[in-house]
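Overview (structure and organization)
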Amino acid sequence: MPQSRHLATELPGPRSRALMARKTSAVAGGVGTTVPVFAARAGGGIVEDVDGNRFVDLGSGIAVTTVGASNPAVVAAVQEQVAAFTHTCFMVTPYEPYVAVAEKLNEVTPGDHAKKTALFNSGAEAVENAVKIARHATGRDAVVVFDHAYHGRTNLTMAMTAKAMPYKSGFGPFAGEVYRAPMSYPFRDPEGMTGEQAAARAIAVIEAQVGADQVACVVIEPVQGEGGFIEPAPGFLPALAAWCRQSGALFVADEVQTGVARTGDWFACDREGVVPDLVVVAKGVAGGMPLSAVTGRAELVDAVHTGGLGGTYGGNPVACAAALAALDSVERDGLLQRARAVEALVTGRLHALAARDSRVGDVRGRGAMLAVELVGADGLTPDPALAAAVAGAAKAQGVIVLTCGTHGNVLRFLPPLTISDELLHDAFDVLDAAFAATSTTTASAR
Ligand SMILES: *Cc1c(COP(=O)(O)O)cnc(C)c1O
């Protein structure tokens, strides 16, 4: 697959338009699409559509193809496994790749204590299972989550997710015993608030509104994803983890989006040496195949009775083969270092943009998980229209860019780690032009 951006037709092209008409009449309207083109193939940092247009991919299918789209080692591992067998159900006739993935996750997740792992299909399913384990291990009910949190779309995880539209509106009633605490949000917190102070603010809410002895677990994304790529102030996560230890609550890191090299460490918790009791992994772990995991302290995970965890497809052998290849690629291809190099390149571009465009209120993130928060003339009011306009203009020029944030005013950048510097510069040239081109329209709209 040529690693270059290429526009062969108008966008969307005729084949994509025809497919979109079929999609509109056959597929549930609740399932939206970000880019109105249909994929034909993908490789490295490029997605090619059915009309031959090639897009630079700054989304990785929402942080999934971290090791590169169609990573050759992943493709080979999948082909070999699919030819041997596609399914037996691990709970019926177990197979080695599941065990090998568990061994590898036990090794690379934070902490050197004894660990155990259970495998599932989606991020939401793994979050639910982390809560099951925490409740069983502690004998308590309450689950604490944070403002701007995103944990999925199933019933329990809808309750845990913060944002109403589009994730929750009309889908209640939601699961009970889920409580929300304030997040550390350096861009919007009072000037100079430290991570320790933000943790004290959250802990005060938890102790007053839930009760320290009622909390089964505190579930947190170490860098929030859908909620706006919010990186808490240093000290926030260690202080929360320490409070959990004192209170007998489990500290659960939802590393579904941050995990597996995305932030320049194996896991985002590693940056401050935070060791969670349970870690939830999905998205980037299996090179695009559906797989998720809960990895945690052996005695906590093993508190659950035999048969209490599982599922028909959890730890599917093809997904496990893909995960082994993807996890191997992180080490063999030096992807932790590569994520930090991507951070240096992209933050350089974003700070230069922010210096000449005051609508970029904040540049943040780590590794290849970076974002800009867009604001109005007062430097604070969210500007979702600008985010949509810039993302739209970039897509029209062949760059896939995603938005996020409780107010939809954050542009997030999640390139595959194997993307070249050349492609990144090309994509951010397009973004610079998109910002320049939207200046007049949004200024007059405001
Ligand atoms: C995407 C995501 C989930 C949900 O994962 P699915 O595979 O879509 O169910 C949960 N937590 C975080 C932090 C996520 O980014």
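Please refer to the structure higher up on the page.
Residues numbered from 1 in each chain as written. Predicted model: local features only at pLDDT ≥ 70, side-chain atom pairs only at ≥ 80, totals over all residues. Heavy atoms only, no water.

Brief notes about the overall build of the protein
Helix and strand counts for the protein come out as 14 helices and 15 strands. Over its C-alpha trace the protein gives a radius of gyration of 22 Å, about what one expects of a compact globule, namely 22 Å for 446 residues. Burial statistics for the protein: of 446 residues in total, 55% are counted as buried. Nonlocal contacts in the protein, meaning residues at least 24 apart in sequence, comprise 73% of its contacts between residues at least 6 apart. (Helix = DSSP H or I, 4+ residues; strand = E, 2+ residues; numbered from the N terminus. Rg over C-alpha atoms; globule rule 2.2 N^0.38 Å. Buried < 20%, exposed > 50% of the residue type's maximum accessible area, 1.4 Å probe, protein only. Contact = heavy atoms within 4.5 Å.)

Quick word on the site of the ligand
S122, G123, A124, Y150, H151, E221, D254, V256, Q257 and K283 make up every residue found near the ligand. One nitrogen or oxygen atom from the side chain of Q257 is found 2.9 Å from an oxygen atom belonging to the ligand. A distance of 2.6 Å separates an oxygen atom of the ligand from a polar atom in the side chain of K283. The protein chains hide 82% of the 380 Å² of surface that the ligand would expose on its own. Of the residues belonging to the shell around the ligand, the class tally is three nonpolar, four polar and three charged. (Near = heavy atom within 4 Å. Polar contact = N/O pair within 3.5 Å; in protein donor to acceptor, adjacent residues only side chain to side chain. Areas by Shrake-Rupley, 256 points an atom, 1.4 Å probe, with all protein chains shown as cover. Nonpolar A, V, L, I, M, F, W, Y, C, P; charged D, E, K, R; others polar.)

Focus: the pairing of strand β8 (residues 250-254)
Counted residue by residue, β8 has five buried out of five residues, so it is predominantly covered. Bridging between strand β7 (residues 215-220) and β8 involves four bridges; their strand directions are parallel. Bridge assignment links V218 to a residue of β8, and that residue is F251. As for the winding sense of the linkage, the β-α-β connection from β7 through helix α8 (residues 236-247) to β8 is right-handed. Taken together, the three bridges between β8 and strand β9 (residues 278-281) define a ladder with parallel strand orientation. From the neighbouring strand, A253 faces β9, where its bridge partner is V279. (Pairing = 2+ DSSP bridges. Right-handed = clockwise from strand over helix to strand, strands pointing away.)

Some details on the sheet that holds strand β1 (residues 39-43)
Reading across the sheet, the four strands line up as β1-β2-β3-β13 and stay open at both edges, with mixed pairing between neighbours. Looking at the sheet topology across the chains shown, the edges are occupied by β1 and β13 (399-400). The pairing of β1 with strand β2 (residues 46-49) spans four bridges and is classified as antiparallel. Bridge pairing in β2 places A42 opposite V47. Contacts between helix α13 (residues 421-437) and the sheet are confined to β2, β3 (54-57) and β13, with β3 contributing the most and set at about 95° to the helix. (Axes fitted to C-alpha atoms, helices over the stretch in contact; angles between N-to-C directions.)

What to know about the pattern of salt bridges
On inspection of all chains with the given rule, the structure shows 22 salt bridges. Residue D426 is joined to R5 by a salt bridge in which the shortest nitrogen-to-oxygen separation is 2.7 Å. Of this pair, D426 sits in helix α13 while R5 sits in the segment before α1 (14-26), placing them 421 residues apart in sequence. Accessibility expressed as a relative area gives 21% for D426, which makes it partly exposed. Residue R5 is classed as partly exposed on the basis of its relative accessible area of 27%. Salt bridges here are not isolated pairs; linked through shared partners, they connect R188, D362, R364 and E373. (Salt bridge = Lys/Arg side-chain N within 4 Å of Asp/Glu carboxyl O.)

Focus: the pairing of strand β10 (residues 292-297)
With respect to burial, β10 is a largely interior element, five of its six residues being buried. Strand direction decides the pairing type here: strand β4 (residues 115-120) and β10, joined by six bridges, are antiparallel. Paired with K115 across the strands is R297, a residue of β10. One ladder, built from four bridges, connects β9 with β10; its direction is antiparallel.

Comments concerning the sheet that holds strand β15 (residues 410-413)
Taking strand neighbours across the sheet as the criterion, the four strands line up as β11-β12-β15-β14 in an open arrangement whose pairing is antiparallel. Edge strands, defined here as strands with exactly one partner in the open sheet, are β11 (360-366) and β14 (402-404). Between one strand axis and the next, the sheet turns by 25° as a mean value, whatever way the strands run. In the sheet, strand β12 (residues 369-374) pairs with β15 via four bridges, with the strands oriented antiparallel. By the bridge assignment for β15, A371 is matched with R412. With respect to the sheet, helix α11 (residues 335-356) is in contact with β11, β12 and β15, its orientation differing from that of β12 by roughly 10°. Most of the contacts of α13 go to β15, to which it runs at about 170°, and overall it touches β11, β12 and β15.

What to know about the nonpolar core
One finds L58, L291, L411, F413, F428 and L431 to be the most contacted residues of the largest nonpolar core, which totals 89 residues. Among the elements that make up this core, the one with the highest residue count is helix α10 (residues 317-332) (10 residues). Here this core spans two domains, and each of domain 1 (14-70 + 334-437) and domain 2 (74-332) adds at least three residues to it. With near-sequence residues (within four places) excluded, L411 lies in contact with L370, A371, V372, L374, A387, V390, A391, V401, L402, T403, L431 and F435. Within the second largest apolar cluster, 29 residues are counted, among which are V144, A202, I206 and V215. (Core = buried A, V, L, I, M, F, W, Y, C linked by side-chain atoms within 4.5 Å. Domains from an automatic or database assignment.)

Thoughts on the side chain of N409
Topologically, N409 is positioned in the loop between β14 and β15. At 3.2 Å, the side chain of N409 forms a polar contact with the side chain of E373. Residues in contact with N409, not counting those within four places in the same chain, are R188, V372, E373, L374, P382, D383, P384, A387 and C404.

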